[in-house]
Amino acid sequence: MKSILCTVILVVAASIGFAQTKSEGTPPNSVEQQIINLERERLKAFAQADKAAFERLVADDLTITHGYGEVLTKAQEMAVMRPSTPERPLPALSIEDPKVRVYGDAAVMTGSLVETNRDGRRELVLRFTNTYVKQKEQWRMVAGQLTTLSRERAIAKVDPKIYDAYVGQYRNPRGRILTFIREGDRLMIEAGGQKVEIFPESETQFFFKGDDVLLVFVKDEQGQVVRLINRRPNGDIVQETKIK
């Protein structure tokens, strides 16, 4: 179902407000601490859309496997880089429980990546495993693996009667059709022969439990729902037009 409903999610996108990584017991000049520092630099470079720094810190054949199964290359990662702005803010990230194991000219870093929203609430926690290799005396990241551990959003209290306006079919630019139906006090989305409940974050914004997609219903001047906006965590938007 996720392959149908999800879009490319770049969970490493973050604002410049990174929390300090706790690495007690790691010698300050050790290879382990160097890798932790490089990880901080990489995340900061991504958050600030500093492509020159990002280019320096990762290998040309970099691949990152995200929690939903999508594998992105270095070029694909750099293509979606953008800085956080007041109009399109990105969440802050912090690294927790970092550990590094060194094997000659290779090193494996593990830990948790925590996404925090503007009111300080932890929204997303991922487990990561990143591999670094020493190339020409420079450590660079060559591979990454992200696994979603938890995603938390608050469910708003709304009148289920508003769901009636959202019932219908919506088509995106590629022709995919999503169907929304109301079952009692629940709003459901149907695609590929499967139904999944979505939950209100407000009267117009809905989300999936354990998922990163946010759906926003848009009305015209007459109050009729005319389209659906699929908001990705990296700020990208997919428009779904209501056709029925």
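Structure's up top.
Computed from a prediction, not measured in an experiment: that's the story for all the values here.

**Q** Looking at this structure, how should I read the overall build of the chain?
**A** A tally of helices and strands in the chain yields 4 helices and 14 strands. Put simply, of all contacts in the chain between residues at least 6 apart along the chain, 51% involve residues at least 24 apart.

**Q** I would appreciate a short explanation of the nonpolar core in the present structure.
**A** In terms of nonpolar packing, the biggest core is built from 27 residues, with Ile35, Phe54, Met109, Leu113 and Tyr132 touching the most fellow members. Counting only elements with at least two residues in this core, the list comes to helix H2 (31-47), helix H3 (51-57), strand S1 (58-65), strand S3 (92-103), strand S4 (106-116), strand S5 (122-135) and strand S6 (138-151). For this core, the element with the highest residue contribution is H2, accounting for 6 residues. Leaving out residues up to four positions away in the same chain, Ile35 has contacts with Val100, Ala107, Met109, Tyr132 and Trp139.

**Q** I'm lost on H2 in this one. Help?
**A** Structurally, the α-helix is built with 3.6 residues per turn, so residues lying three or four positions apart point the same way. Over its 17 residues, H2 extends 24 Å from the first C-alpha to the last, a length consistent with the 24 Å expected when each residue adds 1.5 Å. Downstream of H2 by one or two residues, Ala49 has phi in the positive range, about 55 degrees.

**Q** Looking at this structure, I do not really get unusual backbone geometry. What am I missing?
**A** Among all residues save glycine, negative phi is the norm, and among peptide bonds the norm is trans. With a phi close to 55 degrees, Ala49 is a non-glycine residue in the positive phi region. Structurally, the position occupied by Ala49 is in the loop between H2 and H3. Residue Ala49 is classed as partly exposed on the basis of its relative accessible area, which comes to 25%. Residues other than glycine seldom take positive phi values, yet Glu137 does so here, at roughly 65 degrees. Within the element layout of this structure, Glu137 appears in the loop between S5 and S6.

**Q** Would you take a moment to explain the sheet that holds strand S12 (residues 214-219) for this structure?
**A** By definition, the strands of a sheet pair up through backbone hydrogen bonds, in either a parallel or an antiparallel sense. Reading around the circumference, S7-S8-S9-S10-S11-S12-S13-S14 is the order of the 8 strands in this closed barrel, with antiparallel pairing throughout. Adjacent strand axes in the sheet meet at a mean angle of 35 degrees when their direction is disregarded. In this sheet, strand S14 (residues 237-242) lies alongside strand S7 (residues 168-171) in antiparallel orientation, the contact comprising 2 bridges. Considered in S14, the bridge of Arg171 is made with Thr241.

Analysis parameters
Residues numbered from 1 in each chain as written. Predicted model: local features only at pLDDT ≥ 70, side-chain atom pairs only at ≥ 80, totals over all residues. Heavy atoms only, no water. Helix = DSSP H or I, 4+ residues; strand = E, 2+ residues; numbered from the N terminus. Contact = heavy atoms within 4.5 Å. Core = buried A, V, L, I, M, F, W, Y, C linked by side-chain atoms within 4.5 Å. Buried < 20%, exposed > 50% of the residue type's maximum accessible area, 1.4 Å probe, protein only. Expected span 1.5 Å × (residues − 1). Pairing = 2+ DSSP bridges. Axes fitted to C-alpha atoms, helices over the stretch in contact; angles between N-to-C directions.

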